[in-house]
Each structure stands twice: as structure tokens, then as C-alpha cells.
Amino acid sequence: MSVRVRYAPSPTGLQHIGGVRTAIFNYFFAKANKGQFILRIEDTDQTRSTPEAMQDIYNTFAWLGIHWDEGPDVGGPKGPYVQSQRFDVYKQYAQQLLETGHAYKCFCTSERLAELREEQTKTKSALGYDRKCRLLAAEERQKLEDAGTPYVIRFAIPLEGATAFHDEILGDISKENIDINPDPVIIKTDGFPTYHLANVIDDHLMEITHVMRSQEWISSGPLHILLYKAFEWEPPKFCHLPMVMGEDGQKLSKRHGSTSAIEFRQKGYLAEAVLNYITLLGWSYDDSREFFTKQELEELFTMDKLSKSSAVFNYQKLDWFNGQYIRRMSADELAAGITPWLAKEGFVADPPTAEQAGIIQQIIPLVQERLIVFSDVAGLAGFIFRDVAIEDPETLIPKKTDKATTVKILQKLKEIVPGLAGKSHDEIEAIFREDAEKLEVKLGALLMPLRVAITGSTQSPPLIDSMHILGTEKTLERIEKAIALLS
RNA sequence: GUCUCCUUCGUCUAGUGGUUAGGACACCGGGUUUUCAUCCCGGCAGCAGGGGUUCGACUCCCCUAGGAGAUGCCA
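Residues numbered from 1 in each chain as written. Chains lettered and ligands numbered in written order. Predicted model: local features only at pLDDT ≥ 70, side-chain atom pairs only at ≥ 80, totals over all residues. Heavy atoms only, no water.

## Quick look at the domain arrangement of chain A
Under the domain assignment used here, chain A contains domain 1 (4-70 + 244-312), domain 2 (86-241), domain 3 (329-385) and domain 4 (393-486). Measuring from the centre of the C-alpha atoms in domain 2 to the corresponding centre in domain 3 gives 56 Å. (Domains from an automatic or database assignment.)

## Concerning the packing of aromatic side chains
For the structure shown, the criterion picks out 28 aromatic pairs. Between the aromatic rings of tyrosine 7 and phenylalanine 61, the centroid separation amounts to 5.6 Å while the plane-to-plane angle is 65 degrees, which identifies the pairing as edge-to-face. Residue tyrosine 7 is located in strand S1 (residues 4-7), and its partner phenylalanine 61 is located in helix H2 (residues 51-64); the two are separated by 54 residues in the primary sequence. Each of the two residues, tyrosine 7 as well as phenylalanine 61, counts as buried. With 5.6 Å between their ring centres and 90 degrees between their planes, tyrosine 93 and phenylalanine 231 make a pair best called edge-to-face. Of this pair, tyrosine 93 sits in helix H3 (residues 87-99) while phenylalanine 231 sits in helix H7 (residues 221-231), placing them 138 residues apart in sequence. The same class applies to tyrosine 93 and to phenylalanine 231, which are both buried. Within the aromatic cluster, the residues linked to one another by ring pairs are Phe264, Tyr269, Tyr277, Phe291, Phe313, Tyr315, Trp320, Phe321 and Tyr325. Sitting above the plane of the tyrosine 285 ring, arginine 289 keeps its charged end 5.7 Å from the centroid. (Phe/Tyr/Trp six-rings, centres within 6.5 Å; stacked < 30°, edge-to-face > 60°. Helix = DSSP H or I, 4+ residues; strand = E, 2+ residues; numbered from the N terminus. Buried < 20%, exposed > 50% of the residue type's maximum accessible area, 1.4 Å probe, protein only. Lys NZ or Arg CZ within 6 Å of the ring centre and 35° of its normal.)

## Section: the protein's contact with RNA strand B
Neighbouring RNA strand B are 65 residues; Lys188, Thr189, Gln250, Glu369 and Arg370 lie closest to it. For RNA strand B, the backbone portion of the atoms within 4 Å of the protein, that is sugar and phosphate, comes to 76%. A distance of 2.8 Å is found between a phosphate oxygen of RNA strand B and a side-chain nitrogen or oxygen belonging to arginine 117. At 3.3 Å from a base oxygen of RNA strand B is found a main-chain nitrogen or oxygen belonging to proline 462. Counting residues per element, the surface near RNA strand B draws most heavily on helix H11 (residues 315-327), at five residues. (Near = heavy atom within 4 Å. Polar contact = N/O pair within 3.5 Å; in protein donor to acceptor, adjacent residues only side chain to side chain.)

## Re a negative patch on the surface
Together, Glu111, Glu115, Glu118 and Glu119 line one region of the surface with negative charge. Here glutamate 115 lies in helix H4 (residues 110-122). Accessibility expressed as a relative area gives 53% for glutamate 115, which makes it exposed. (Patch = residues over 30% accessible without salt bridge, like charges linked within 9 Å, V, L, I, M, F, W, Y side chains within 5 Å. Areas by Shrake-Rupley, 256 points an atom, 1.4 Å probe, with all protein chains shown as cover. Salt bridge = Lys/Arg side-chain N within 4 Å of Asp/Glu carboxyl O. Lys, Arg positive; Asp, Glu negative; His and termini not counted. Charge placed at Lys NZ, Arg CZ, Asp CG, Glu CD.)

## Brief notes about the nonpolar core
One finds Met212, Leu306, Phe313 and Ile338 to be the most contacted residues of the largest nonpolar core, which totals 81 residues. Here the element with the most residues in this core is helix H1 (residues 17-32); it accounts for nine residues. Discounting chain neighbours no more than four positions away, the residues touching phenylalanine 313 are Ile17, Val244, Met245, Glu247, Leu252, Phe264, Tyr277, Ile278, Leu281 and Leu318. The next biggest cluster of nonpolar side chains, apart from the first, holds 32 residues, and it includes Val407, Leu413, Ala436 and Ile464. (Core = buried A, V, L, I, M, F, W, Y, C linked by side-chain atoms within 4.5 Å. Contact = heavy atoms within 4.5 Å.)

## Let's talk about helix H13 (residues 354-367)
Here H13 is 14 residues long and its end C-alpha atoms lie 20 Å apart, about the 20 Å a rise of 1.5 Å per residue gives. Regarding H13, the residues found buried are Gln356, Ile359, Ile360, Ile363, Ile364, Leu366 and Val367. Of the surrounding elements, those touching the buried residues of H13 are helix H12 (331-344), helix H14 (376-385) and helix H18 (463-470). (Expected span 1.5 Å × (residues − 1).)

## Concerning the layout of surface pockets
Approximately 1,100 Å³ is the volume attributed to the largest pocket. Lining the largest pocket are 33 residues; nearest its centre among them are Ala8, Pro9, Ser10, Glu216 and Trp217. For the lining of the largest pocket, the secondary structure elements donating two or more residues are S1, H1, helix H6 (195-205) and strand S8 (210-214). Sorting elements by how many residues they give to the lining of the largest pocket places H1 first, with four residues. Two domains each put at least three residues into the lining of the largest pocket: domain 1 (4-70 + 244-312) and domain 2 (86-241). Computed from the structure, the second largest pocket encloses a volume of approximately 280 Å³. (1 Å grid on protein atoms, 1.4 Å probe; cavity = no way out; pocket = protein on both sides within 12 Å on 5 of 7 lines; lining within 4 Å. Points joined across faces, edges and corners; volume = space filled by probe spheres on them.)

## Considerations on the pairing of strand S6 (residues 171-176)
Judged from the six bridges that link them, strand S5 (residues 162-167) and S6 form a sheet pairing that is antiparallel. When the sheet's bridge partners are listed, alanine 162 is paired in S6 with glutamate 176. (Pairing = 2+ DSSP bridges.)

## Considering the sheet that holds strand S4 (residues 152-155)
An order of S3-S4-S7 is seen for the three strands of this open sheet, with the pairing classed as antiparallel. Here the strands that pair on one side only, and so sit at the sheet edges, are strand S3 (103-106) and strand S7 (185-187). Taking the axes of each pair of neighbouring strands and ignoring which way they run, one obtains an average angle of 45 degrees across the sheet. As paired strands, S4 and S7 are joined by two bridges and run antiparallel to one another. When the sheet's bridge partners are listed, isoleucine 153 is paired in S7 with isoleucine 187. Where H3 meets the sheet, its contacts fall on S3, S4 and S7, and the angle it forms with S3 comes to roughly 105 degrees. (Axes fitted to C-alpha atoms, helices over the stretch in contact; angles between N-to-C directions.)

## Details of the packing of helix H15 (residues 403-416) against helix H19 (residues 472-486)
Relative orientation of the contacting elements H15 and H19 amounts to 160 degrees, with a least axis distance of 10 Å. Of the possible angle classes, the one that applies to H15 and H19 is roughly antiparallel. Relative to H19, H15 is oriented so that their crossing is left-handed. Residues Lys403, Thr406, Val407, Leu410, Gln411, Leu413 and Lys414 of H15 form the contact with H19, whose participating residues are Leu476, Ile479, Glu480, Ala482, Ile483 and Leu486. (Parallel < 35°, antiparallel > 145°, perpendicular 65-115°, else oblique. Left-handed = near helix turned anticlockwise from the far one by under 90°.)

## Notes on the packing of helix H16 (residues 425-439) against helix H17 (residues 443-455)
For the pair H16 and H17, interaxial distance at closest approach is 8 Å and the crossing angle is 105 degrees. With respect to H17, the element H16 is oriented roughly perpendicular. Mapping the contact onto sequence places Phe432, Arg433, Ala436 and Leu439 in H16 and Leu443, Leu446, Leu447 and Leu450 in H17. A per-class count over the contact of H16 with H17 returns seven nonpolar, no polar and one charged. (Nonpolar A, V, L, I, M, F, W, Y, C, P; charged D, E, K, R; others polar.)

## A short note on the pairing of strand S9 (residues 237-241)
A regular strand carries its side chains on alternate faces of the sheet. The element S9 is extensively covered by neighbouring structure, given that four of its five residues are classed as buried. Examined bridge by bridge, S8 and S9 share five bridges and lie parallel to one another. When the bridges of S9 are listed, arginine 213 appears paired with histidine 240. The parallel pair S8 and S9 is bridged by H7, and the resulting crossover is right-handed. (Right-handed = clockwise from strand over helix to strand, strands pointing away.)

This is the structure we're talking about:
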């Protein structure tokens, strides 16, 4: 039987990096096994699901280049792929459970449940439903039903025995039935199913062969097995994925930094780098290789290289990956990558004019080794496009040099710059070296005032090239401004 | 509290009874260099602890500790 896996997000917020990683593991597993990858939307919580979150799912995976074989937007033979559109299916199967005695109606009010919980907390006894309605006398139950009392449907967990399942990476996991959440709700008052019911029914009907989901689901594994048993269905294989944590070892969340895929996109990270990095969170290929394209992972991914323990999301390493990817880009690719960021700053038109496109081509070699994320281009090359402000005139003065010397240097520079046009990089450098000698300063000391004058910063891309792109006129203007600033 | 799972450098990991415990990020040195980066070279740093099993344990078993998750009419 061919592999069929699914990613089943609930559209209740932005796509979290952890969820995205679960998705890509499923995707790569499907691809590597020539199987199907399915997107299923779990929107059974009507109060929390939003169309924006739905859109974010589409945007995120489009950006990453992850496509599903079956899903709400592309259709497929096992649809609909949105749970709220499968309402009747769940109702029908819940009814079946009622009839076979695996489930029962519970008329307890949320107030009673809250009190129960409070009491349990106070007495430090086990938390959970006390199964009151499971033991309801037939006539009592009938009375409540006749009165139209609102109810939920609960699954009747066996009171004895244990339930086990085999996890593909963790091995056998078993739990005493008495330790399973006592009779979880499977149909809510509003008639919608809870995750447990919907997920089991859909995985069965959609013929899912492997359930690859986060380890936070491990403890409901036995419950799901019990549900499959109650329906007399063959359960799929399970594979619980290690979780993604923040630096403090807690579940990755907002306070650790960016956590949604879209944020990384907005900061100028490359989809390829993000994909590569998060794949390595819980998966490895061998003892050294860590660069993989999406295409490679589609062939190389194997479940047996998944690790058991959770992984900490390391922003620094992601940065390093992104820098590596940027450095490996061709000039044209990088130009295409940074142009939107330049346009966003108003440095170039969108799309750029021919002249601007030429400038972009020229700045590529200056920024390629220096970018970590695309958005850095504004800070690195901004001086080419707009006037610079020198915050602190002191920065113009090189180390071990005084103001008077700096002014002298700048004046000398003003003299020689007009003669530089048309000369090669090496020729210009030679001229600078000569002048530095004449002024009895080091080359660095000669160039620093010039650097700050034209870029506004003590750190910049290589000066000679920068100056060339800027043009003689603007370079002179800025030198004069710097002289004025020191006078 | 109870249940379940996990545990190799700070972090991500390789390792499946015999290795000087390997790689990467970070960090620290050094080199290249007009600054910043890049790049190159070098270094620091780890098998949670205790018992077994075995000729021999990072590798197998048990216990302890630590961590995480679950314990919802959220997924």
C-alpha cells in the first residue's frame, strides 16, 4: 500500500515553526516513499478558527514550496479536507459508538465539571471526569433526554486492562486504561467533534498510513487506539516527532523570538535556508552533511534518522545557514532577492528602472559576503541611495589620529578624488597608498575618514568600489560635508 | 499530584559492546584584509549520577535525578 500522510493544522493562528517542521517531515516522508501528502484543516473549534489563519497556511507553504497532493484547495478523492465540512460524518460515527455502547451522552453542566475539578485540585486527587453519566440509570437518562437537556458525547474508556501501541521511533508505548483521561468528550455541545474523534475518523477514511505528529500527542495515543478498536478499524502507524523548544527548554513560544514562518519571511530569511535548518531539528543524515536542497530531502529523508529527544531552536545557527545560502546565490538570484527590500525602503522603484537595476548589479559583490538576511541590505547599501547623516563627527577621526590631521586627510582626498574616475581598482588603491605615505598615515587611517564621510559609518563595504558606485560628484559632496562638520 | 516520554560538548547532532567519542553553530586564539564581513588555520568543551550484565560499556538492564508533555466541550 502506498504511503499516505497528512499535515492537519487548525487554523487558529500563524503557522508556527514547530508545526511547519511537522508538515515538512510528513511531506519529505511522503515524497521519499512516492506516497501522498495531504493537507487537512482541523477547524472543529469554531470559536478559534479564522479565515486569516487559513490564508496563512496557504501563504506559508507556498513560500516554502511545499505542495500537497490532496487538500481543500486542490481537491482529491477523499474530501472534503476541511473538518467543518464533514460534520455529518462525525455525527454518524458518534451515533455508531453510542449504539455499540462505546460512548454515552453526558448531561453534566460545565458548572458541575468546574466544581468537580476544584474539589479534585483541593483534595489533590486525580483530575478528570468522574463518569457520573456513564452510570446513569436508563430512566434518568431518558428523562434528561426528553427534557431536551444539552449534552456531550463521551467515549467510554475501559476500566481495566492496558492499551499499547508501537511508535516508529520511540518503540512500544503502553498505558493502563485507568490512567487514560477518563471518558473524554468526543462530541461537543455544539455538535462538533473534538480532535480525538475527528482525527481518528478522518485518518481512517482518508486511508492515512502513517501518523507523524508532535510528541505532545503521545499521551493521547492509547485513547486513539481505543477509538480505532471501537470502530473495528486498523490503526495507522504512529511516529511521534520530537518537539521544538526555545532556548530555555520550554515549548517554543513568542517570548523566545520569532516563531511563525511568516515572520522569518518578513525579516528576509530564505525559504530554502529555513527549510534546511528546521529539517535538522530532530533529523540528521549522517555525521557531517548538513546542507540539503528541498529536492534532495525529497529523496533522502528517512524516518529512522529521526531523533527521540526535543530540539532547541537556535536562531544563531539559522542566521549562519541563511548567510551561507546567500553566499551561494548567483548575482542574478541575489539581485532578485534584495530588490524588494530596496524597493520597500524607497531606494529603488518597484520594479527598478534600468539605471537602478544597474546599480543593484554593482552592489551585489559588495553585500553578498555581508548579508545575513535580505533586510540587512538597507543598512549595508543604503548610503548608495540616500544621503547619510554622520551622527557623531568624532567617528570621522581614525584611531591614533587627531582632528587637524583628519581634516588634512579629507582635504587631500578632495583633491585626488576627481582624478580617480575611470581608473581601475588597483590603480586607485596604489594612489591611496602613495598619498597615505605622503601624509605619514596608514592606509586605514586615510580611508577611515573617507569611509565615514561617504557611508556614515565606520563599517562599510569595500570603499573603492562603494565610491565608484556612488560617483565622483556625490563622493565630493560628502567629503566636503565631513570637512565642514569638523571645522 | 498522577501518567507517559526523553537524557552525548552551551546548542543541533553522529555513534547501535572494543573509537584518541566525529561534525556543525556559538565561543576563544591566529592568519588574510582599507573598516565590517567573508575565507583559512588552531583551540575550548560532552556520554546526568549510581548500580548491575559482560573479558570489555556512550552503546544492554535496573534505580535515582533532571527535563518535557499530557491530565480541556483547544488542537
